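Here is what each chain is made of, one letter per residue.
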Amino acid sequence: DAKTTQPPSMDCAEGRAANLPCNHSTISGNEYVYWYRQIHSQGPQYIIHGLKNNETNEMASLIITEDRKSSTLILPHATLRDTAVYYCLTPHTGTASKLTFGTGTRLQVTL
Amino acid sequence: GAVVSQHPSRVICKSGTSVKIECRSLDFQATTMFWYRQFPKQSLMLMATSNEGSKATYEQGVEKDKFLINHASLTLSTLTVTSAHPEDSSFYICSAKRLAGGNEQFFGPGTRLTVL
């Protein structure tokens, strides 16, 4: 897995966009970027993943830089229910896609 | 779609007893299931990877004789914590990958184990 670096915590006002950055400067050409989140005392929830193109689904958008060394997860209209720890991961495709969780970013959405 | 359940959601047991935790993929078949452990205020740590019909692969430092994993079907994997001790108290979480495409893992809700 490529090493990922995320800020330990962020705050966001409800209704605003939450932009969560992730640095993965050592990512290799066949490694995807995955985002999961974990709400307190629950199992992680898959959010989105991408290789090099920007991706969007009903939960979020993923913007990957052209050099693929960093990415940003965007929650377009954050709600209090989006308060969670967000993990950016780059599993190596040759190791049964094992996920190595770092410390993630604790996002606090406030009124 | 892609729902994973775990049973029980929480369990309290006495030291020295064994506890079995079930992980089921409810609406898909899973090629591979993973077991994680999470201590308070820490991140998830992968314990083992299991494939249906074959022996599990354990991460370094995880005792295979203490954490028995059985993956008997494409929808069920079990983790048995044998001779549990208070230091085994933790949040155990499983995940599953779909047989039909995609590398994303879908996680269960977790099982809180407390060993007295």
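Here we summarise the structure given alongside this text. (Residues numbered from 1 in each chain as written. Chains lettered and ligands numbered in written order. Predicted model: local features only at pLDDT ≥ 70, side-chain atom pairs only at ≥ 80, totals over all residues. Heavy atoms only, no water.)

1. What to know about the sheet that holds strand β4 (residues 45–50) of chain A
Residue and element names in this part refer to chain A.
Right, so step 1: The strand order β1-β9-β8-β3-β4 describes an open sheet built from five strands, whose pairing is mixed. The strands lining the two open edges of the sheet, one partner per strand, are β1 (9–13) and β4. Within this sheet the neighbouring strands show an average axis-to-axis angle of 25°, counted without direction.
Right, so step 2: Across three bridges, the pairing between strand β8 (residues 84–89) and strand β9 (residues 105–110) is antiparallel. If you follow V85 over to β9, its bridge partner there is R106. (Pairing = 2+ DSSP bridges. Helix = DSSP H or I, 4+ residues; strand = E, 2+ residues; numbered from the N terminus. Axes fitted to C-alpha atoms, helices over the stretch in contact; angles between N-to-C directions.)

2. Points about the sheet that holds strand β7 (residues 70–75) of chain A
All names here are of chain A.
Right, so step 1: Here we have four strands laid out as an open sheet, ordered β2-β7-β6-β5, and antiparallel in their pairing. Edge strands, defined here as strands with exactly one partner in the open sheet, are β2 (18–23) and β5 (55–56).
Right, so step 2: Bridge analysis of strand β6 (residues 61–64) against β7 gives four bridges, and the strand direction is antiparallel. Bridge pairing in β7 places I63 opposite T72.

3. Concerning the interface of chain B and chain A
Right, so step 1: Between chain B and chain A, the residue contacts involve 19 residues of the former and 16 residues of the latter.
Right, so step 2: Both faces combined, the contact of chain B with chain A buries some 1,400 Å², and carbon together with sulfur accounts for 54% of it.
Right, so step 3: Applying the counting rule to chain B against chain A returns zero salt bridges.
Right, so step 4: Counting across the chain B and chain A interface gives three residue pairs in polar contact (both at pLDDT 80 or more).
Right, so step 5: Listing elements by their share of the side of chain B that touches chain A, those giving two or more residues are β4 (30–38), β5 (45–51), β9 (90–98) and β10 (105–107) of chain B. (Contact = heavy atoms within 4.5 Å. Buried area = accessible area lost by both parts, 1.4 Å probe. Salt bridge = Lys/Arg side-chain N within 4 Å of Asp/Glu carboxyl O. Polar contact = N/O pair within 3.5 Å; in protein donor to acceptor, adjacent residues only side chain to side chain.)

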